Amino acid sequence: MTISVAIVGTGPSGFYAAQALLEKGIDCRIDLIDTLPTPFGLIRGGVAPDHQHTKRVIRTYEEIAAQPTVNFYGNVEAGRDISILELRAFYDAVVLAIGMPMDRGLDLIGGAKKGVYGAAEFVGWYNGHPAYRHLDPLLDDKCVAVIGNGNVALDIGRVLCKTKDEMAKTDIPDYAIEAIQGSPASDIYIFGRRGPAEAKFTNVELREIGQLADCAPMVDPEEIPDEIPGEMSDRDRRLRMRNIETFRSFAAMDPTGKRKRLHFCFRSMPAEILGKERVEGLRLQSTVIENGEAVGTGRYYDIPCGTVIAAIGYRMGPLQGVPLDIRRGIVINNDGRVASGLYVVGWARRGPTGVISSNKPDGDAVAAHIAVDITRPERPGRAGFEEHLQARGVRWVTFEDWKFIDEAEVAAAQEGAPRKKFVDVEAMIGLIEKGRADGTS
Ligand SMILES: Cc1cc2nc3c(=O)[nH]c(=O)nc-3n(C[C@H](O)[C@H](O)[C@H](O)COP(=O)(O)OP(=O)(O)OC[C@H]3O[C@@H](n4cnc5c(N)ncnc54)[C@H](O)[C@@H]3O)c2cc1C
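Small disclaimer: the values here were computed from a predicted structure and weren't measured. (Residues numbered from 1 in each chain as written. Predicted model: local features only at pLDDT ≥ 70, side-chain atom pairs only at ≥ 80, totals over all residues.)

Asker: For the overall build of the chain, give the residues involved together with the corresponding values.
Answerer: Helices and strands together make up the secondary structure of the chain, namely 15 helices and 19 strands. Relative to its length of 441 residues, the chain is compact, with a C-alpha radius of gyration of 23 Å against a globular reference of 22 Å. If one aligns the C-alpha atoms of the chain with their principal axes, the spans along those axes are about 65 × 50 × 40 Å. Here the chain holds 441 residues, and the buried ones make up 43% of them. Relative to all contacts within the chain whose residues are 6 or more apart in sequence, the contacts with residues 24 or more apart total 76%. (Helix = DSSP H or I, 4+ residues; strand = E, 2+ residues; numbered from the N terminus. Rg over C-alpha atoms; globule rule 2.2 N^0.38 Å. Buried ≥ 20, exposed ≤ 12 C-beta atoms within 10 Å, placed from the backbone. Contact = placed C-beta atoms within 7 Å.)

This is the structure:
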């Protein structure tokens, strides 16, 4: 009694949901669907190009995709090529694993000026995401401001500060490395509303900033506390203390001779983007912490800069047939259950927090629900879905097609680099068509 499951989204949460279904031994056929012709979600389009070791997790996902009961349908967008309602009519269970593809907006006076970007678009640009590859961000000023105190802000700062040699063994697209290396940006400012003890940077990533070839981390020693006040677990205190020690080591470093500087600026909240049509500076308000909250002091200061990048979080866009909690920006759910036969996992379920493996328990929970909720097949599954796509003229990409793209990317890589990414959907589809025509794919 094989049931049909569609998983919409092939980032970590989509693959972990498929893995959990397989490991639980549920008799099912699993169809993985993604907007892009390429699988793996933010592993390909979010995780920094110089962190290839993190991307190795895709080997596990490839094993899942290779299972005989699993199919991949790339270049198929739920909401465009097929509605959620239609998917629910074809499949016994539909699992939403669609992540949070959009930036939480920077709600500031002047936030619409040229030169203001969200992290999703900026990171998508330097990662060759087809939706952002034409962003062409302004990087023509000595100073860039990054707002946010999490690892995404750190990724952006690091990618802007690394040398061409340091980026040689990455898959950053040529247009991005040329724009960054050709930019006069020498001073990157990272702003956080709270102090260094509250910053969300993980310590390994923070320490890496102290090892960059031609960039000095800058932090005001006066900002670094001797101890961390307040109630918290021993583990939390230990983790925060590690960052404090790292910041202390940064403050003791001699920046002389380094071409770039990465400035950590704390207790500062953005107030206004300055300039006429384009960014000319950022106005910030100093903060104090009261009852655990960062509160403005009414004292303002300005930083001249030509680019502002807001790494302040992500949200979902509307998707017909999916109930959204507008305030939290997630799909309304009860432990992953959304409606009869409809489930959610990953960022769309919990919000944009945690690391790759944090998405695994969501898959386990949803597989357990499906095992209980869906006891027999009632819907046409794959056959009905493919018929729908054919009728709509949708050119879907199979996992074998993706492997053909993958091999072409690896073959085109310059020495030391893992791959040269295709950054246009048309080019990927063209490659597959050509391969089919000449019998190489
Ligand atoms: C910039 C950045 C860097 C990160 N770096 C790290 C790191 O170094 N280490 C780490 O552990 N974690 C990192 N993370 C976190 C990690 O990437 C996330 O935890 C994880 O990707 C979330 O998985 P997900 O499946 O929920 O979403 P995603 O990975 O975003 O996957 C969602 C998928 O759904 C697809 N999709 C969306 N809408 C539709 C639709 N309508 N129809 C069909 N498909 C759709 C998308 O194309 C995408 O493939 C990073 C996150 C970001 C943003």
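Asker: Explain the site of the ligand to me, using residue names and the numbers behind them.
Answerer: Near the ligand lie 35 residues; those nearest to it are Gly-9, Gly-11, Gly-41, Gly-99 and Gly-346. Breaking the shell around the ligand down by element, the ones donating at least two residues are helix 1 (12–23) and helix 7 (151–161). It is helix 1 that contributes the most residues to the shell around the ligand, 3 residues altogether. Taken together, the residues of the shell around the ligand sort by class into 16 nonpolar, 16 polar and 3 charged. For the shell around the ligand, the two domains that each supply at least three residues are domain 1 (3–101 + 316–397) and domain 2 (102–312). (Near = placed C-beta within 6 Å. Nonpolar A, V, L, I, M, F, W, Y, C, P; charged D, E, K, R; others polar. Domains from an automatic or database assignment.)

Asker: Residues and numbers for the sheet that holds strand 19 (residues 342–344), please.
Answerer: Taking strand neighbours across the sheet as the criterion, the 6 strands line up as 3-2-1-4-19-18 in an open arrangement whose pairing is mixed. At either margin of the open sheet sits one strand with a lone partner, and together these are strand 3 (70–73) and strand 18 (337–339). For this sheet, the mean inter-axis angle between neighbouring strands, taken without regard to orientation, is 25 degrees. Where strand 1 (residues 3–8) and strand 2 (residues 28–33) come together, 6 bridges link them in parallel fashion. Within strand 2, the position partnered with Ala-6 by the bridge is Asp-31. (Pairing = 2+ DSSP bridges. Axes fitted to C-alpha atoms, helices over the stretch in contact; angles between N-to-C directions.)

Asker: Talk me through the domain arrangement of the chain; I want residue IDs and the actual numbers.
Answerer: It is common to give the size of an interface as the accessible area lost on bringing the parts into contact. Here the chain is partitioned into domain 1 (3–101 + 316–397) and domain 2 (102–312). Placing the centre of domain 1 and that of domain 2 at their C-alpha centroids yields a distance of 32 Å. Opposite the 11 residues of domain 1 that make contact, domain 2 presents 16 residues. The class makeup of the residues in the side of domain 1 that touches domain 2 is 6 nonpolar, 4 polar and 1 charged.

Asker: Explain the sheet that holds strand 12 (residues 281–290) to me, using residue names and the numbers behind them.
Answerer: The 3 strands are arranged 11-12-13 in an open sheet whose pairing can be described as antiparallel. Strands at the two margins of the open sheet, each flanked by one partner only, are strand 11 (268–274) and strand 13 (293–304). The mean inter-strand angle of the sheet, taken between neighbouring strand axes irrespective of direction, is 25 degrees. Pairing of strand 11 with strand 12, which is carried by 6 bridges, proceeds in the antiparallel orientation. Across the sheet, Pro-270 pairs through a bridge with Leu-284, a residue of strand 12.

Asker: Break down unusual backbone geometry for me, citing the residues and quoting the values.
Answerer: One non-glycine residue, Asp-136, lies in the positive phi region at around 50 degrees. Checked against the element boundaries, Asp-136 lands in the loop between helix 6 (119–126) and strand 7 (143–147). A positive phi angle, near 50 degrees, is found at Asp-335, a position not held by glycine. With respect to the helices and strands, the residue Asp-335 is situated in the loop between strand 17 (330–331) and strand 18.

Asker: I'd like a rundown of helix 15 (residues 425–437), residues and numbers included.
Answerer: With 13 residues, helix 15 extends 18 Å between its outermost C-alpha atoms, agreeing within 8% with the 18 Å of an ideal straight helix rising 1.5 Å per residue. At the C-terminal side of helix 15, Gly-439 shows a positive phi close to 75 degrees. (Expected span 1.5 Å × (residues − 1).)

Asker: With reference to specific residues and values, describe helix 1.
Answerer: Here helix 1 is 12 residues long and its end C-alpha atoms lie 16 Å apart, about the 16 Å a rise of 1.5 Å per residue gives. Of all 12 residues in helix 1, 10 are buried, a share of seventy percent or more. Listed in full, the buried residues belonging to helix 1 are Pro-12, Ser-13, Gly-14, Phe-15, Tyr-16, Ala-17, Ala-18, Gln-19, Ala-20 and Leu-21. Backbone geometry just downstream of helix 1 places Gly-25 in the positive-phi region, at approximately 75 degrees.

Asker: Account for the packing of helix 14 (residues 399–411) against helix 15, with residues named and values stated.
Answerer: Two quantities define a packed helix pair, namely the angle between the axes and the distance from one axis to the other. One way to put it is that helix 14 packs onto helix 15 with a least axis distance of 10 Å and a crossing angle of 105 degrees. The pairing of helix 14 with helix 15 is recorded here as roughly perpendicular in orientation. Contact with helix 14, carried on its side by Asp-401, Phe-404, Ile-405 and Ala-408, involves Met-428, Leu-431, Ile-432 and Gly-435 of helix 15 and no other residues of that element. (Parallel < 35°, antiparallel > 145°, perpendicular 65-115°, else oblique.)

Asker: I'd like a description of the pairing of strand 7, backed by residues and values.
Answerer: A large share of strand 7 lies buried, amounting to 5 of its 5 residues. Where burial is concerned, the two faces of strand 7 agree: the one with Cys-143, Ala-145 and Ile-147 and the one with Val-144 and Val-146 are both buried. Alignment of strand 7 against strand 14 (residues 307–310), held across 4 bridges, turns out to be parallel. By the bridge assignment for strand 14, Ala-145 is matched with Val-308.

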